Amino acid sequence: MKNHINLSLRIGVAIPFVYFSSIVIAGLFYPGYNHARQFASELGAAGAPHPWIFNTGLGLTGAFQMIAAFGFWRAFHNAKLNPILGGMAAATLCCSGLAGMISAYFPMPDPRHGAFGIQAPILASPLLFAFTLWKVAEAKRLTVFLVLNNILLAAAFLLLIGVGGFVTHENVGFFQRLLILVTFPWMSISAYWFLRYVRRLPPN
């Protein structure tokens, strides 16, 4: 079982790299695309020159999150952490992953691209991971990082939906990239930390 956990967590480490790569590569093949002014999903929209590039990356990112959720859930179990908090934390990652896969299958302007809002639990995901790890002495720095990341995630989301009036048509892409920066990298950091932690656990 440890091999399955390790593989799942290694896939979790790759999550932000897959997503960011899809944005960068798709942008290179979209003449005139402006990362500061346009949403990332426009790279995969019906009128994009090569929508499959972004949509493939988005779908893989979603699948990777669901696989990583299994690895985290099993790691929580093996470490004898709170099963309720651990289950909720893994479930938020599954919701985000499923939303990514749905959004990739139904690109803009399809109304189903929003994945019916099932990605919303990701806004509390870092905090749930932090609560799950709170009593693990070796994870103190990680838990602090996760709490701070959740604060930034909530702030970035509020800014993007218009709180404060900072977002305009000229900078909406920039603020979305800001939200992305606090949505995915923490998953990779947490997966890497767990890869090292799981190795020290006795066989289950």
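Above this text sits the structure in question.
Predicted model only: the values in this text are computed from it and were never measured.

## Focus: unusual backbone geometry
The step from Met-108 to Pro-109 runs through a cis peptide bond, and the omega angle for that step is 5°. If you trace the backbone, Pro-109 turns up in the loop between helix H4 (83-105) and helix H5 (125-133). In this structure, Ala-115 is a non-glycine residue whose phi angle is positive, near 55°. Looking at the element boundaries, Ala-115 is found in the loop between H4 and H5.

## A closer look at the packing of aromatic side chains
One pass over the structure, following the stated rule, counts 15 aromatic pairs. Note on Phe-129 and Trp-186: the rings are 5.1 Å apart at their centroids and 70° apart in plane angle, and the pair reads as edge-to-face. Here Trp-186 lies in helix H8 (residues 185-199) and Phe-129 lies in helix H5, a separation of 57 residues in the sequence. Look at Phe-129 and you get buried, because its relative accessible area is 0%. For Trp-186, a relative accessible area of 0% puts it in the buried group. Within the aromatic cluster, the residues linked to one another by ring pairs are Phe-72, Phe-76, Phe-129, Trp-186, Trp-193, Phe-194 and Tyr-197. One Lys or Arg, Arg-74, reaches over the ring of Trp-73 and ends 5.5 Å from the middle of that ring.

## With respect to the side chain of Gln-176
With respect to the helices and strands, the residue Gln-176 is situated in helix H7 (residues 172-181). Within the structure, the side chain of Gln-176 is placed 2.7 Å from the backbone nitrogen of Ala-40, a separation counted as a polar contact. Aside from chain neighbours lying at most four places away, what touches Gln-176 is Gln-38, Phe-39, Ala-40 and Leu-160.

## As for the packing of helix H3 (residues 51-78) against H8
Contact geometry for H3 and H8: axes closest at 11 Å, N-to-C directions at 40°. It follows from the interaxial angle that H3 and H8 lie oblique. Every pair of crossing elements has a handedness; the one defined by H3 and H8 is left-handed. Contacts between H3 and H8 pair Gln-65, Phe-72, Ala-75 and Phe-76 from the former with Met-187, Ser-190, Ala-191, Phe-194 and Val-198 from the latter. A breakdown of the residues in the contact of H3 with H8 according to their chemical character gives seven nonpolar, two polar and no charged.

## Quick word on the environment of Asn-6
Topologically, Asn-6 is positioned in helix H1 (residues 2-13). Between the C-alpha atoms of Asn-6 and Lys-135, which are 129 residues apart in sequence, the distance is 22 Å. Not counting residues up to four positions away in its chain, the partners in contact with Asn-6 are Leu-195 and Val-198.

## Focus: the nonpolar core
One finds Phe-72, Leu-93, Leu-133 and Phe-194 to be the most contacted residues of the largest nonpolar core, which totals 46 residues. Every element with two or more residues in this core is listed here: H1, helix H2 (15-28), H3, H4, H5, helix H6 (140-160) and H8. A total of nine residues in this core trace back to one element, the largest contributor, which is H3. Excluding residues within four positions of it along the chain, Phe-194 makes contact with Leu-9, Phe-72, Ala-75, Phe-76 and Leu-133.

Parameters at a glance
- Residues numbered from 1 in each chain as written.
- Predicted model: local features only at pLDDT ≥ 70, side-chain atom pairs only at ≥ 80, totals over all residues.
- Heavy atoms only, no water.
- Helix = DSSP H or I, 4+ residues; strand = E, 2+ residues; numbered from the N terminus.
- Phe/Tyr/Trp six-rings, centres within 6.5 Å; stacked < 30°, edge-to-face > 60°.
- Buried < 20%, exposed > 50% of the residue type's maximum accessible area, 1.4 Å probe, protein only.
- Lys NZ or Arg CZ within 6 Å of the ring centre and 35° of its normal.
- Polar contact = N/O pair within 3.5 Å; in protein donor to acceptor, adjacent residues only side chain to side chain.
- Contact = heavy atoms within 4.5 Å.
- Axes fitted to C-alpha atoms, helices over the stretch in contact; angles between N-to-C directions.
- Parallel < 35°, antiparallel > 145°, perpendicular 65-115°, else oblique.
- Left-handed = near helix turned anticlockwise from the far one by under 90°.
- Nonpolar A, V, L, I, M, F, W, Y, C, P; charged D, E, K, R; others polar.
- Core = buried A, V, L, I, M, F, W, Y, C linked by side-chain atoms within 4.5 Å.

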